[in-house]
Amino acid sequence: MSVLVCGGAGYIGSHTCVALAAQGHHIVIADNFANSSQRVLLRLQRITGAPLECKHLDLRSKTALARMFATHQFDAVVHFAALKAVGESCARPLEYFDNNISGTINLLQAMQGAGVQRLVFSSSATVYGDPERLPVNEQARLDVTNPYGRTKLVMEQLIGDLCCARPMFRAAVLRYFNPVGAHPSGLIGEDPTGIPNNLMPYICQVAAGRRSQLSIFGDDYPTPDGTGVRDYIHVMDLARAHVDALEYLARANASLTVNLGTGHGISVLELVHAFEAASGRRIPYEIQARRPGDVAQVYADPSLAQRLLGWRTQLDVHAMCRDAWRWQSMNPTGYERAKSEVRARGVRKPPQTGQSSDAVQ
Ligand SMILES: NC(=O)c1ccc[n+]([C@@H]2O[C@H](COP(=O)([O-])OP(=O)(O)OC[C@H]3O[C@@H](n4cnc5c(N)ncnc54)[C@H](O)[C@@H]3O)[C@@H](O)[C@H]2O)c1
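Residues numbered from 1 in each chain as written. Predicted model: local features only at pLDDT ≥ 70, side-chain atom pairs only at ≥ 80, totals over all residues. Heavy atoms only, no water.

A. Structural view of the overall build of the protein. Looking only at helices and strands, one finds twelve helices and 13 strands in the protein. By its C-alpha atoms, the protein is 55 × 50 × 40 Å across when sized along the principal axes. The buried share among the 361 residues of the protein stands at 54%. Carbon and sulfur atoms make up 49% of the accessible area of the protein, which totals about 15,600 Å². Once the 36 positive and 32 negative side-chain charges of the protein are each reduced to a mean point, those two points are 7 Å apart. (Helix = DSSP H or I, 4+ residues; strand = E, 2+ residues; numbered from the N terminus. Buried < 20%, exposed > 50% of the residue type's maximum accessible area, 1.4 Å probe, protein only. Areas by Shrake-Rupley, 256 points an atom, 1.4 Å probe, with all protein chains shown as cover. Lys, Arg positive; Asp, Glu negative; His and termini not counted. Charge placed at Lys NZ, Arg CZ, Asp CG, Glu CD.)

Here it is as structure tokens:
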């Protein structure tokens, strides 16, 4: 298939590009690099061993989208492009509505104009808010608690309405739990700007000495060790689900909405200890008061994805920590400082650092 990957230079998008290329799909990335580095493109070429086409564009530009769809024939679109920081969305809701919702409407219109009928969409467990029952299945009440979550819910609804209005249009809405880890080569990974919002990149930066200690918010939740429990999923497992979703859309005459998680909760302290074991580094931490808005535990019921897509996670928490640490230690300051790489020319294979072997905020 020829697949347009919107937001393909970002964390999950870049890993999905690797998974798509490994299955022989032709990919074109469209990204405005608002939250990513162009250096990821060279890394992707090194991993896949093939040249990569990338369009530097913003989904809010209808003209740029029209130009791209006029010159390319896509079989499907995978749509990652969004702003995703909860705190920032509370401070700048209009920016989030404009970027995430307007960008998605433009994309859907461009797809419609070009007759592209298949979409895989990045949604989030955030649409469940504070779930009433665990594990969370897809029938759970939807209840967002911040503007970012609202954009995800609205986009799900827009896509659902379009599926009703146009029976030939099919969408796979994928609700991610907590993606962590990195490609086993250590060449691509999560590269947050500023202070990381998520736990794993924060732990990585403490391990690398970029931050002095981890703050753990609350050790008095009703969980086995008192710290918050989430469903962390290896980004390579998540990436594979997008390939499976595309194949589902191609063969089945149906759309779907599924959870993507392991089905198991891991506490903050369990993740810290697993990381220490995988990295050999100590992670100093301090317990602080609970943060308003945080919930005790959230983990997925991923059985629908298993049934419809034949997908299940394969990589465990050890692999998540090991691969996150490999990425962090090979790129202590992320993509931006790897200046030597900008001068590098040609496509090289990544070092053979070993494959992931074993089996989310
Ligand atoms: N990482 C998580 O924990 C998580 C969890 C649940 C859902 N998601 C969703 O998954 C998707 C990917 O997340 P990620 O962690 O890879 O984020 P990311 O920020 O690393 O990647 C998003 C990419 O989209 C690009 N982008 C943003 N707005 C754009 C626009 N208007 N036009 C073109 N490109 C644009 C950014 O530059 C970036 O490269 C997002 O939609 C996010 O909401 C992420």
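That covers the picture; the talk isn't over yet.
B. Inspection of the site of the ligand at higher detail. Looking at the ligand, there are 28 residues lining it, with Asp31, Asn35, Ser36, Lys84 and Tyr148 nearest. Between the ligand and the protein, one listed contact pairs a nitrogen atom with a backbone N or O atom of leucine 59 at 3.0 Å. Tyrosine 148 is positioned such that a nitrogen or oxygen atom in its side chain is 2.6 Å from an oxygen atom of the ligand. Across the complex, the protein chains shield 96% of the 820 Å² of accessible surface that the ligand would expose by itself. Elements represented by at least two residues in the shell around the ligand include exactly α1 (11-22), β5 (118-124) and α6 (147-165). (Near = heavy atom within 4 Å. Polar contact = N/O pair within 3.5 Å; in protein donor to acceptor, adjacent residues only side chain to side chain.)

C. Examining the UniProt feature "domain: NAD(P)-binding" (unreviewed entry) in the protein more closely. Those residues carrying the UniProt feature "domain: NAD(P)-binding" (unreviewed entry) are residues 4-323 in this numbering. Each end of residues 4-323 is marked by a C-alpha atom, and these two atoms are 27 Å apart; helix forms 41% of the span and strand 17%. (UniProt positions renumbered as here; feature names shortened; annotations may be inferred.)

D. Just the sheet that holds strand β6 (residues 170-176), in detail. Spatial strand order, β3-β2-β1-β4-β5-β6-β11: seven strands in an open sheet with parallel pairing. At either margin of the open sheet sits one strand with a lone partner, and together these are β3 (53-56) and β11 (256-260). For this sheet, the mean inter-axis angle between neighbouring strands, taken without regard to orientation, is 20°. As paired strands, strand β1 (residues 2-6) and strand β2 (residues 26-31) are joined by five bridges and run parallel to one another. Paired with leucine 4 across the two strands is valine 28, which belongs to β2. Together, β1, β4 (76-79) and β5 form the strand contacts of helix α5 (residues 93-114), whose direction differs from that of β4 by roughly 175°. (Pairing = 2+ DSSP bridges. Axes fitted to C-alpha atoms, helices over the stretch in contact; angles between N-to-C directions. Contact = heavy atoms within 4.5 Å.)

E. Expanded view of the side chain of glutamate 190. Secondary-structure assignment places glutamate 190 in the loop between β7 (178-180) and α7 (199-207). Excluding residues that lie within four positions of it along the chain, glutamate 190 makes contacts with Tyr11, Lys84, Pro179, Asn198, Pro201 and Trp327.

F. Focus on the pairing of β4. Covered by surrounding structure in β4 are Ala76 and Val78 together with Val77 and His79, the residues of both alternating faces. Alignment of β1 against β4, held across four bridges, turns out to be parallel. Residue pairing for β4: valine 3 is matched across the bridge by alanine 76. With three bridges joining them, β4 and β5 adopt parallel strand pairing. Note that in β5 the partner of valine 78 across the bridge is valine 120.

G. Highlighting the nonpolar core. Residues Leu44, Val120, Leu174, Val258 and Leu260 are the most contacted members of the largest nonpolar core, which totals 47 residues. Looking at this core element by element, the count peaks at nine residues for helix α8 (residues 235-251). For valine 258, the residues in contact, after removing those within four places along its chain, are Glu138, Val173, Leu174, Arg175, Leu304, Ala305, Leu308 and Leu309. In terms of nonpolar packing, the next biggest core, distinct from the first, is built from 27 residues, Cys6, Leu59, Met111 and Cys163 among them. (Core = buried A, V, L, I, M, F, W, Y, C linked by side-chain atoms within 4.5 Å.)

H. Inspection of helix α9 (residues 268-279) at higher detail. Its twelve residues place the ends of α9 16 Å apart at the C-alpha level, agreeing with the 16 Å of an ideal helix rising 1.5 Å per residue. Listed in full, the buried residues belonging to α9 are Val268, Leu269, Leu271, Val272, Ala274, Phe275 and Ser279. Its buried side turned inward, α9 meets α7, β8 (214-217), β10 (232-234), β12 (266-267), β13 (285-288) and α11 (317-330). At the C-terminal side of α9, glycine 280 shows a positive phi close to 75°. (Expected span 1.5 Å × (residues − 1).)

I. Spotlight on the pattern of salt bridges. Within this structure, the stated rule accounts for 14 salt bridges. A salt bridge links aspartate 294 to arginine 291, with the nearest nitrogen and oxygen atoms 2.9 Å apart. Note that aspartate 323 is salt-bridged to arginine 326, the shortest N-O span being 2.9 Å. Here aspartate 323 and its partner arginine 326 are both found in helix α11, three residues apart, which amounts to about one turn of the helix. With respect to burial, aspartate 323 and arginine 326 carry one shared label: buried. In the salt-bridge network here, residues are joined through shared partners; they are Asp58, Arg60 and Asp98. (Salt bridge = Lys/Arg side-chain N within 4 Å of Asp/Glu carboxyl O.)

J. Main features of the packing of α1 against helix α2 (residues 39-48). Their axes nearest at 10 Å, the elements α1 and α2 cross at an angle of 30°. Between α1 and α2, the angle is such that the two are roughly parallel. Note that α1 runs across α2; the crossing there is right-handed. For the pair formed by α1 and α2, the contact residues are Ser14, Cys17, Val18 and Ala21 on the first element and Val40, Leu44, Ile47 and Thr48 on the second. (Parallel < 35°, antiparallel > 145°, perpendicular 65-115°, else oblique. Left-handed = near helix turned anticlockwise from the far one by under 90°.)

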